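Spelled out, the chains give:
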Amino acid sequence: MKVVCVGSGYVGSVTGTAFAILGFPTIIIDMDGRKVKEINEGISPIYEPGLASCIEQMVNASRLSATQTYDCVYQADVVFIAVGTPSKPDGAVELKYVRSAAKSIGEHLNPSHFTVIVNKSTVPVGTSDLVASIIEEVSGLENNRHFAVVSNPEFLREGYAIEDVFFPERIIIGSGSPKAKKVMQSLYKPLLERTNYAELAEHLTFASNHAATKTVLFETDAKSAELIKYVSNAFLSVKISYINEVARLCDSLGANVNDVSFGMGLDTRIGNKFLQVSSGWSGSCFPKDTAEILSESQKYGSELTLVKAAIDSNISMHDYCIQKIQRSLTSLNSKNIAVLGLTFKPNTDDARHTQASYIIGKLLQLGANVSVHDPKGMSMFQQMNKGLQIRYCERPIDAVAGADALVLLTHWDEYRLMNWETVYKLMKNRYVLDTRNFLKKLNLSELGFAYEGLGLH
Ligand SMILES: NC(=O)c1ccc[n+]([C@@H]2O[C@H](COP(=O)([O-])OP(=O)(O)OC[C@H]3O[C@@H](n4cnc5c(N)ncnc54)[C@H](O)[C@@H]3O)[C@@H](O)[C@H]2O)c1
Ligand SMILES: O=c1ccn([C@@H]2O[C@H](COP(=O)(O)OP(=O)(O)O[C@H]3O[C@H](CO)[C@@H](O)[C@H](O)[C@H]3O)[C@@H](O)[C@H]2O)c(=O)[nH]1
């Protein structure tokens, strides 16, 4: 089977590479010439642990290539759509990239060959039908006869994308076409049976018990598949917002949220995942997906009030962090604040829609001077936040020199491993706000810092 993947971003580059490793000749289409050139040179277009070496190996083996044109669709058995679906200003999803990809696919389909078009992008209920109708209109071909559209949402997490794609807990296939479902079963067979995995082992960057992960392939209709994706992300957002509110309660009551979270997670009905305190969830997925599903639910008179509450709670969590800094420093006017971590989480260069831009924006409004550092995300953050007047520092210690406060937003290992005695000497006032409770074990208070986490006592 020949695979084509439209989009070479955080999902498309990993998806395309994964199917090449699983044994299918794969071509990635992207309209961005830089990404196409990089892939063809064996270079990863994004930072994702383990991905660069996988791409290099697959390109060298001639199993993976990239192009800006859609000609390869004619030969393909399966065409993934993995383009961006950002939010419009009202929170609803922007589908122009999906529409444009569908149109281009329709223009290049082979009329005498059954092709399966797969929506991997996160798209609202009904988008499979939309893609099918665009393709029918452009090609003059008939849906479910010459081609079929499948919803196959992606659940990878940035920073763990290789692991998540090769060892997923679930693969969701939504379609009304039994023929298309058969094609998808064949496509995922090597993943379900873990064949061709020997080649993969050297690229895995995290030691975990992969062999124990059993993947369930669940087949349903397209609408249900589309909804599973949104409500899963929304559920996880609610879960994080809940523990973040519990952290605030712990601050008021003198309890320790790390212990509370651990104790809760021992109940397998609750589980210990996504109960880690933060200044709020962020990134390229949760904010836009919660906004979209809330907007959709409101349009249909079935408002997801818990999701609405989580969105509000998330913003108030960002504000809560600022209030903590204010309580410690009183006026922030002309105070020097070092912010460590600009990406929405560690092990990614993705700085889209991170809490850092909200929190830094507020600190600036309050008159603070802000110096920042991030190991991988500085260039994207700078590109996305051109209006922010802040100092970008090559090394974390440059950001903390002369600081009145150090605010840790992202728990990169690099920050735990810093020489904290040097940090102590360089800072003017030794207040540290650790929004991930990540530095707790370093006992910074014993070194003389005024250390605060969230929900710790
Ligand atoms: N980032 C994640 O962790 C993640 C995880 C699961 C699902 N998703 C979903 O997957 C989709 C893609 O997300 P992403 O983060 O990979 O996006 P991205 O912005 O990183 O990448 C999208 C790519 O598509 C290309 N593109 C857009 N329109 C095109 C067209 N018509 N033809 C060819 N190329 C085109 C862009 O140039 C870009 O390289 C979104 O719907 C997202 O919600 C993302
Ligand atoms: O206990 C936790 C877990 C996460 N976060 C934050 O929540 C956000 C999202 O984290 P994570 O889910 O790990 O990152 P993503 O890469 O955005 O992955 C989510 O969004 C993807 C895109 O839809 C989905 O594919 C994944 O399944 C889903 O986990 C980040 O700001 C994290 O710091 C917390 O604050 N506490």
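Quick caveat: nothing in here was measured; it's all calculated off a predicted structure.

How should I be thinking about the overall build of the chain in this particular structure?
Tallying secondary structure elements over the chain gives 17 helices and 14 strands in all. Here the chain has a C-alpha radius of gyration of 23 Å; the compact-globule value for 457 residues is 23 Å, and the two agree. Looking at the chain residue by residue over its 457 residues, the buried ones come to 55%. As displayed, the chain has an accessible area near 19800 Å², and 52% of this comes from carbon and sulfur atoms. Distance from the positive charge centre (45 side chains) to the negative charge centre (48 side chains) of the chain: 2 Å.

What am I meant to see in the site of ligand 2 here?
Close to ligand 2 lie 20 residues, the nearest being L156, K229, S278, C285 and R436. S278 places a side-chain nitrogen or oxygen 2.6 Å from an oxygen atom of ligand 2. For ligand 2, the accessible surface in isolation is 690 Å², of which the surrounding protein chains cover 91%. If you list the elements that add at least two residues to the shell around ligand 2, you get α9 (222–253) and α11 (286–299). Looking at the shell around ligand 2 element by element, the count peaks at three residues for α9. Looking at the shell around ligand 2 residue by residue, the class counts come to nine nonpolar, four polar and seven charged.

How should the pairing of strand β9 (residues 336–340) be read in this particular structure?
The side chains of a regular strand alternate, residue by residue, between the two faces of the sheet. Burial analysis of β9 places four of its five residues in the buried class, which makes it a mostly covered element. Judged from the five bridges that link them, β9 and strand β10 (residues 369–373) form a sheet pairing that is parallel. The residue of β10 that forms the bridge with A338 is S371.

Would you mind showing me how to read the site of ligand 1 here?
Lining the immediate environment of ligand 1, one finds 28 residues, of which D30, K35, Y70, T85 and K288 sit closest. A distance of 2.9 Å is found between an oxygen atom of ligand 1 and a backbone nitrogen or oxygen belonging to T122. In the complex, the protein chains occlude 92% of the 830 Å² of accessible area that ligand 1 would expose alone. With three residues, helix α4 (residues 96–108) is the single largest residue contributor to the shell around ligand 1.

Is there a simple way to think about the side chain of N152 in this case?
Following the sequence through the fold, N152 ends up in the loop between β6 (147–151) and α6 (161–166). Polar contacts involving the side chain of N152 include one to the main-chain carbonyl oxygen of I172, which spans 3.0 Å. In terms of polar contacts, N152 uses its side chain to reach the side chain of Y188, at 2.7 Å. Not counting residues up to four positions away in its chain, the partners in contact with N152 are F80, V118, N119, K120, I171, I172, I173, M184 and Y188.

Looking at this structure, how should I read the UniProt feature "domain: UDP-glucose/GDP-mannose dehydrogenase C-terminal" (unreviewed entry) in the chain?
The feature "domain: UDP-glucose/GDP-mannose dehydrogenase C-terminal" (unreviewed entry), as given by UniProt, occupies residues 338–441 in the numbering adopted here. Helix makes up 33% of residues 338–441 and strand 17%, and the two end C-alpha atoms of the span are 21 Å apart.

For this particular structure, what's the right way to read the domain arrangement of the chain?
Note on interface size: it is often stated as the accessible area lost on association of the parts. Entries for the chain in the domain assignment read domain 1 (3–220) and domain 2 (286–452). Using C-alpha coordinates to define each centre, domain 1 is positioned 33 Å away from domain 2. Taken together, both faces of the contact between domain 1 and domain 2 bury some 1200 Å²; the carbon and sulfur share is 48%. Sorting the residues of domain 1 by area buried against domain 2 places Y10, Y47 and E158 first, and these three jointly supply 46% of that buried surface. Counting the contacts that link domain 1 with domain 2 gives one salt bridge.

What should I look at first to understand the nonpolar core in this one?
Note that soluble globular proteins tend to have their nonpolar side chains buried in a common cluster. Counting 82 residues, the largest nonpolar core has F80, F166, I325, I337, V339, I360 and L363 as its most contacted members. Split by domain, this core shows at least three residues from each of two domains, domain 1 (3–220) and domain 2 (286–452). Those residues in contact with I325 that lie beyond four places of it in its chain are T330, L332, I337, L363, V407, Y431 and L433. Of all hydrophobic cores here, the second largest spans 30 residues; its members include C72, I81, V131 and A234.

Criteria and thresholds
- Residues numbered from 1 in each chain as written.
- Chains lettered and ligands numbered in written order.
- Predicted model: local features only at pLDDT ≥ 70, side-chain atom pairs only at ≥ 80, totals over all residues.
- Heavy atoms only, no water.
- Helix = DSSP H or I, 4+ residues; strand = E, 2+ residues; numbered from the N terminus.
- Rg over C-alpha atoms; globule rule 2.2 N^0.38 Å.
- Buried < 20%, exposed > 50% of the residue type's maximum accessible area, 1.4 Å probe, protein only.
- Areas by Shrake-Rupley, 256 points an atom, 1.4 Å probe, with all protein chains shown as cover.
- Lys, Arg positive; Asp, Glu negative; His and termini not counted.
- Charge placed at Lys NZ, Arg CZ, Asp CG, Glu CD.
- Near = heavy atom within 4 Å.
- Polar contact = N/O pair within 3.5 Å; in protein donor to acceptor, adjacent residues only side chain to side chain.
- Nonpolar A, V, L, I, M, F, W, Y, C, P; charged D, E, K, R; others polar.
- Pairing = 2+ DSSP bridges.
- Contact = heavy atoms within 4.5 Å.
- UniProt positions renumbered as here; feature names shortened; annotations may be inferred.
- Domains from an automatic or database assignment.
- Buried area = accessible area lost by both parts, 1.4 Å probe.
- Salt bridge = Lys/Arg side-chain N within 4 Å of Asp/Glu carboxyl O.
- Core = buried A, V, L, I, M, F, W, Y, C linked by side-chain atoms within 4.5 Å.

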